[in-house]
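Single-letter residue listing:
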Amino acid sequence: MATARTNFFCASCQTMRLGEKEGINHVLHLLLSIVTCGVWLIVWLLLALANSMSPFRCTQCGQAKTIFSGGKLAIFAIILLLIYAAWHTAP
Ligand SMILES: [Zn+2]
């Protein structure tokens, strides 16, 4: 499982800290999407949405903080939907 990292202001430590959470193995989901002719894209998108809402944890004290990166996720979702549409409209 990939690990996602970001810097955030930890309310407990009262300073900028590195936050971590389990990320998504996009290579695995890409391969599954290819094998299933795009059907797995729906699962991939739902997992990415759920993961984007899960909190990062401070690596020093474990304080949780949710950082929603909606813009990045929206671009990712649009790309996935375009790939899905291209696969299912091809002759
Ligand atoms: Zn902390």
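As the structure is a computational prediction, the values presented were derived from the model and not from experiment.

**A closer look at the overall build of the protein**
Part 1 of the reasoning: Across its full length, the protein carries 3 helices and 4 strands.
Part 2 of the reasoning: Each helix (α) and strand (β) of the protein, taken in turn from the N terminus, gives the series β-β-α-α-β-β-α.
Part 3 of the reasoning: Relative to its length of 91 residues, the protein is extended, with a C-alpha radius of gyration of 16 Å against a globular reference of 12 Å.
Part 4 of the reasoning: Oriented by its inertia axes, the alpha-carbon framework of the protein measures out at about 55 × 25 × 15 Å.
Part 5 of the reasoning: For the protein, buried positions account for 9% of its 91 residues.
Part 6 of the reasoning: Across the protein, the fraction of contacts at a sequence separation of at least 24, relative to all contacts at a separation of at least 6, is 56%.

**Some remarks on unusual backbone geometry**
Part 1 of the reasoning: At Gln14, a position not held by glycine, the phi torsion is positive, near 60 degrees.
Part 2 of the reasoning: You can see Gln14 is positioned in the loop between strand 1 (3-10) and strand 2 (15-22).
Part 3 of the reasoning: According to the C-beta neighbour criterion, Gln14 is exposed, with 8 such atoms within 10 Å.
Part 4 of the reasoning: A positive phi is found at Cys37, a non-glycine position, where the angle reads about 55 degrees.
Part 5 of the reasoning: Within the element layout of this structure, Cys37 appears in the loop between helix 1 (26-35) and helix 2 (40-53).
Part 6 of the reasoning: Owing to 11 C-beta atoms within 10 Å, Cys37 belongs among the exposed residues under this scheme.

**Here's the deal with the environment of Cys13**
Part 1 of the reasoning: Within the element layout of this structure, Cys13 appears in the loop between strand 1 and strand 2.
Part 2 of the reasoning: Separated by 25 residues in sequence, Cys13 and Gly38 place their C-alpha atoms 44 Å apart.
Part 3 of the reasoning: Not counting chain neighbours up to four residues away, the residues in contact with Cys13 comprise Cys58, Gln60 and Cys61.

**Quick word on the environment of Ile42**
Part 1 of the reasoning: One can find Ile42 in helix 2.
Part 2 of the reasoning: As for Ile42 and Ala77, which are separated by 35 residues in sequence, their C-alpha atoms are 9.8 Å apart.

**Regarding the confidence of the model for the protein**
Part 1 of the reasoning: Mean pLDDT for the protein: 87, with 95% of residues reaching 70 or above.
Part 2 of the reasoning: The weakest mean pLDDT in the protein belongs to helix 3 (residues 70-89) at 79; the strongest belongs to strand 3 (residues 56-58) at 95.

**Focus: the sheet that holds strand 1**
Part 1 of the reasoning: The strand order across the open sheet built from 4 strands is 1-2-3-4, with neighbouring strands paired in antiparallel fashion. Unpaired on one side and paired on the other, strand 1 and strand 4 (64-65) mark the two borders of the sheet.
Part 2 of the reasoning: Pairing geometry for strand 1 and strand 2, over 8 bridges, is antiparallel. Opposite Thr6, over in strand 2, you have Gly19 as the bridge partner.

Cut-off values and rules
Residues numbered from 1 in each chain as written. Predicted model: local features only at pLDDT ≥ 70, side-chain atom pairs only at ≥ 80, totals over all residues. Helix = DSSP H or I, 4+ residues; strand = E, 2+ residues; numbered from the N terminus. Rg over C-alpha atoms; globule rule 2.2 N^0.38 Å. Buried ≥ 20, exposed ≤ 12 C-beta atoms within 10 Å, placed from the backbone. Contact = placed C-beta atoms within 7 Å. pLDDT = per-residue confidence, 0-100. Pairing = 2+ DSSP bridges.

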